[in-house]
Amino acid sequence: MLYMILALVLPLVGGLLAFASGNKKAPIVALAGMVPGFIVSVMLLNAAFNQRIIARWEWLPGYELGWQIDHISAILICLVYFISLLVHLFSATYLKGDLGIGRFYAKLGFFTTSMLGLLAADHLLLLFVFWELVGFSSFLLIGFWFKDQKKAKAAREAFMINRVADAGLLIGVILMVIQFDQPFISELGGVEHSFLLSLAGFGLLIGALGKSAQFPFFGWLPKAMAGPTPVSALIHAATMVAAGVYLLIRVQPVLTPVVLTTTAVIGALTAFMAAVAAITQFDIKKVLAFSTISQLGYMVMGIGVGAAEASFFHLWTHAFFKAGLFLGAGAVIHYLHQVNHEDHSFDAQDMRLMGGLKKHLPITFIAFLLCGLSLSGLPLFSGFLSKEGILTGTWLWAAERSTEYGWWVYAVSDLGFITALLTPVYVGRQVWMVFFGQARTKMTPVDQSEPLFNFKIPLILLSLGAIWVFHAVNPLDAHGWYFGKRLFGELETIQSSIPTYTLIFSIALAIAGLAISIISFGPKNKRTQEANLLNAPKSVVGKVSFNSWYMEQFYDGLSSGYLKIAGFIQVIDKRVIDRLVDGVGVVTVVSSKVLAIIDREIIDGLVNLVAWISSAVGGILTGLQSGKVQNQLVWLLIFLITIVIWFQF
Amino acid sequence: MSAIPLTYYLILSAFLLCSGLLMVLIKKNAIFVLLGIELMLNAANLNLVAFSKFNPNLDGQIFAIFSVVVAAAEAAIALAILLNIYKSFNSSDLDDLNTMEY
C-alpha cells in the first residue's frame, strides 16, 4: 500500500521539484525522484506476485473508488518506470541547453504518474480519469516546442483525435457500469451476452483504438512525432500507446464475440496499412511511428483472436526494442544537429540526408541494428518470440472460425503474415539509409557524440532487451516467457501442426523481407545512392503509402464536411430559426398590447363596476343605520308594511 | 235611525293614525312626537269604540276606557322623562338627543 502510493507519486514529485530547482539542476533532481521510484516499483512487483494489492476507500457515502495492482499491472508499472528512467537519462543530454528543460521534466513526471495511475486504477471511472490525464500530458509533451506553429498544431491534432475516441471510451465505461452494476475492473463478469454489452464493448474498443493509434484513428501518431525524440520513445512507442492494448487485455474476458472479431479485423488491417505506409517515409521518426502502429495492430489483433497472453508478451518485448529504436533515432538526430547546427533549414530527421552513420555512431548503430532485427521478427530476438505467438494464435483462430464465418477469416491471419514480410523491408530500408553507404550531407567527428552515461547506457540496456535470453530460454518457443505462467497460468498444449508452420513461415518471411530490403534499398542500389529531397514516390501505391493511406486528407475531408454542414445549419439558423424567433417575438408584443387594452378597459372596468356597486349598496345601507331615531322608525314602518302586505297576499 | 256607517269611523281613525305617525316621523321636537303618539293611540281608541258600537257586547268600550287611563299615565311618565332629558341635555330636540349615531 505504501509502496503503491510512493510508486505512483514519486515521478510527479520529482518532476515538480525539478521544475522548481531550475534548468541547470532539473535532470539530476528528476532522476533523484525516478531512481527510488524504480526501486520501489521492483519491490511492488515482488509484493504483487505474492499477493494482489487492493486498496479501496469510500469516496462518497456508499460509493467506493479502488486501486488494484495485480501481476499484469505490476509488471507494466515496472516497465514504465524502466523506460521512463532511461528516457529521463537520455533527455538530460538530448535537451541540454534547452530553456524549457525544467518544464520538460515536470511534464515527463506528470505523464509518468498519469500512466502509472492508469495501470493501477481498478475503478472504471478512475481509469477514465487517468486515461484523459495521459492524453493531456501527452498533448503537453508533443507540444513541448509550442513556439513552432506546426508542432503546436500537431499537438492539438493528436489531442483532438484522441478526444474523439475518448468519447467512445466514456460511453463504453458508462454502459459497462450499468451492465455489471459495479465499476471495478477486477470484478467484471458474470453477465450474459447482450446487445448492450456489445455496445459497451464497442465503446471501449473505440477508446482503445484511439489511444493505441489503430485504424481509423492512426493519423495522430505520426503527428505526435513533433515532440522531442525521447518523449516519442517513452509515450508513443513503449507506454501510452500500449494503454489501449492494456485496456483490451483487461476487459477481454467480458467482450462479446462480435466485438472480438471486429477487434481482430481492425488490428490486422492496421498492422498491414501502417506497414505499407512505413515503407516510403523519409522522416526517420515517422518510419518508427508507423512501425509502432503496425506492431500495436498485431497486439490488438492478438487480443481479438483470443491470444491475449501473446499480445501482452508482444507489448512487453515491443516496449524494449521500440524504445531502443527511438532513442537510437534520437542519438542520430542529436548528432546531426550538433554537426549542422549552423544551418537552420537543415532537417535532421530526413533519412535522405543521412547515410554512413555507423562510422560516427558505432554504439547507436549496434543498438539500432539489434532492436531493428528484433522488430523484424528474426529468430534469436525477442520480437520473434512474441510475434510468433500472435501469428500462431491468429492462424489457429482462423482455422477454428472458418467453418462458422466463412473463408474471409483467413484474410486476418494472412494480413498478419504479409505484415511480417513488410516489417523487415522497412526496417532494413531504414538501417541501410541511415547507417550504410555514403554520407549524403556533412558528417564530421564530434566530441562526445554518444555520451557514455546518458546515451550509451540506455541504448545498451534496451538493445539487450531485444535479445531472446532475457525473455525466454528457448529462442523458438513463443510460450516460454519467464513471466507467462505467472501472469496467465498454464496454457493448454496445442494439438496441431499450425505452430510449426508458423515458425517456418515467420522465419522465412523475415529473411525474405531483409533480402528484399537489401535488393531494393541496399547501399549498392542506385536509388539509395541518389536519394535526395526530390524523389518522392510517383506510383499510385507509393503515393498511397507515402501519404499514409490519405488518412489525414480523410480527416480533413471529414472536418471540412463538418464545416459545410455547420455552415448550412448556420444559414438555416439565420434564415429560418431566427426569423421564427423574431416572428414569435413580434406576435408576443402585439398580443400583449391587445391584452393590455382588454385588461385596462374590460377587466378593470368590471372590477370598477363591482366596486361602484358595492359602494352604492353600502351608501344605501348606511342610511339604515344613521342612528337617527326617526329614520329608524321610517324603516321600521316600511318593513312592517312590507310584512303585512306579504302576509296579506 | 240612520247611523253613520262604520267606514267613516275607520277612515277618520286611519287619518288620525297617519297624522300621528307623520308627526312622530317628521317632528323635531320630542313634545310633538309625544303628541303624535297620543294621536295614534286615540286613533286606536276610536277604532275600538267604533267597532263596539256595531257590536252589542260592551267589551270594546270598556277596553277603550282602560286605554285612555293608561294613555294618561303614559303621557305623565313620558313628560316626566322628557323634563329630565331636557334638564340634562338642555334641549328637547330629538336630533340633539341622539347618542347612538355612528
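Residues numbered from 1 in each chain as written. Chains lettered and ligands numbered in written order. Predicted model: local features only at pLDDT ≥ 70, side-chain atom pairs only at ≥ 80, totals over all residues.

A. Quick peek at the overall build of chain B. A tally of regular secondary structure across chain B gives 4 helices and 0 strands. Beginning at the N terminus, the succession of helices and strands in chain B can be written as α-α-α-α. For chain B, with 102 residues in total, the buried portion stands at 13%. Residue pairs at least 24 apart in sequence account for 44% of intrachain contacts in chain B once pairs closer than 6 positions are excluded. (Helix = DSSP H or I, 4+ residues; strand = E, 2+ residues; numbered from the N terminus. Buried ≥ 20, exposed ≤ 12 C-beta atoms within 10 Å, placed from the backbone. Contact = placed C-beta atoms within 7 Å.)

B. Structural context of the pairing of strand 1 (residues 53-60) of chain A. Residues and elements named next belong to chain A. Sheet topology places strand 1 next to strand 2 (residues 63-69); 7 bridges connect them, and they run antiparallel. Each residue of the ladder has a partner; that of Ile 53, found in strand 2, is Ile 69. Linking strand 1 to strand 2, which pair antiparallel, is a turn of 2 residues; within it Gly 62 sits at a positive phi near 80 degrees. (Pairing = 2+ DSSP bridges.)

C. Representation of helix 12 (residues 284-304) of chain A in the model. Residue and element names in this part refer to chain A. For helix 12, spanning 21 residues, the distance from its first C-alpha to its last is 31 Å, which sits close to the expected 30 Å at 1.5 Å a residue. Summarising burial for helix 12: 21 of the 21 residues are buried, a large majority. Residue Gly 306 follows helix 12 closely and has a positive phi angle near 90 degrees. (Expected span 1.5 Å × (residues − 1).)

D. Up close: the nonpolar core. All names here are of chain A. By size, the foremost hydrophobic cluster in this structure holds 195 residues, and its most contacted members are Ile 77, Ile 83, Val 245, Ala 323 and Val 332. Examining the composition of this core, we find that 18 residues originate from one element, helix 13 (residues 308-339), more than from any other. If we skip the residues at most four places from it in the chain, Ile 83 touches Leu 234, Ala 238, Thr 239, Ala 319 and Ala 323. (Core = buried A, V, L, I, M, F, W, Y, C linked by C-beta atoms within 7 Å.)

E. Broad picture of the packing of helix 15 (residues 382-405) of chain A against helix 16 (residues 409-435) of chain A. Residues and elements named next belong to chain A. Two elements in contact, helix 15 and helix 16, have axes whose closest approach is 7 Å; the angle formed by their N-to-C orientations is 160 degrees. Classified by the angle their axes make, helix 15 and helix 16 are roughly antiparallel. Here helix 15 and helix 16 pass one another in a crossing that is left-handed. Residues Lys 387, Leu 391, Thr 394, Trp 395, Ala 398, Arg 401, Ser 402 and Tyr 405 of helix 15 form the contact with helix 16, whose own contacting residues are Val 409, Tyr 410, Val 412, Ser 413, Gly 416, Phe 417 and Ala 420. Residue composition of the contact of helix 15 with helix 16, by class: 9 nonpolar, 4 polar and 2 charged. (Axes fitted to C-alpha atoms, helices over the stretch in contact; angles between N-to-C directions. Parallel < 35°, antiparallel > 145°, perpendicular 65-115°, else oblique. Left-handed = near helix turned anticlockwise from the far one by under 90°. Nonpolar A, V, L, I, M, F, W, Y, C, P; charged D, E, K, R; others polar.)

F. Quick peek at the confidence of the model for chain B. Residues and elements named next belong to chain B. Looking at chain B, pLDDT values average 86 and 95% of them are 70 or higher. Mean pLDDT across the secondary structure elements of chain B bottoms out at helix 4 (residues 94-97), with 77, and peaks at helix 1 (residues 6-26), with 91. For this predicted complex, the interface confidence score (ipTM) comes to 0.77, while the overall pTM stands at 0.73. (pLDDT = per-residue confidence, 0-100.)

G. Region of interest: the environment of A:Leu8. Residue and element names in this part refer to chain A. Relative to the helices and strands, Leu 8 resides in helix 1 (residues 2-20). Judged by local crowding, Leu 8 falls into the buried class, with 23 C-beta atoms found within 10 Å. As a C-alpha pair, Leu 8 and Ser 41 span 33 residues in sequence and 9.0 Å in three-dimensional space. When sequence neighbours within four positions are dropped, the list of residues in contact with Leu 8 reads Thr 113, Leu 116, Gly 117 and Ala 120.

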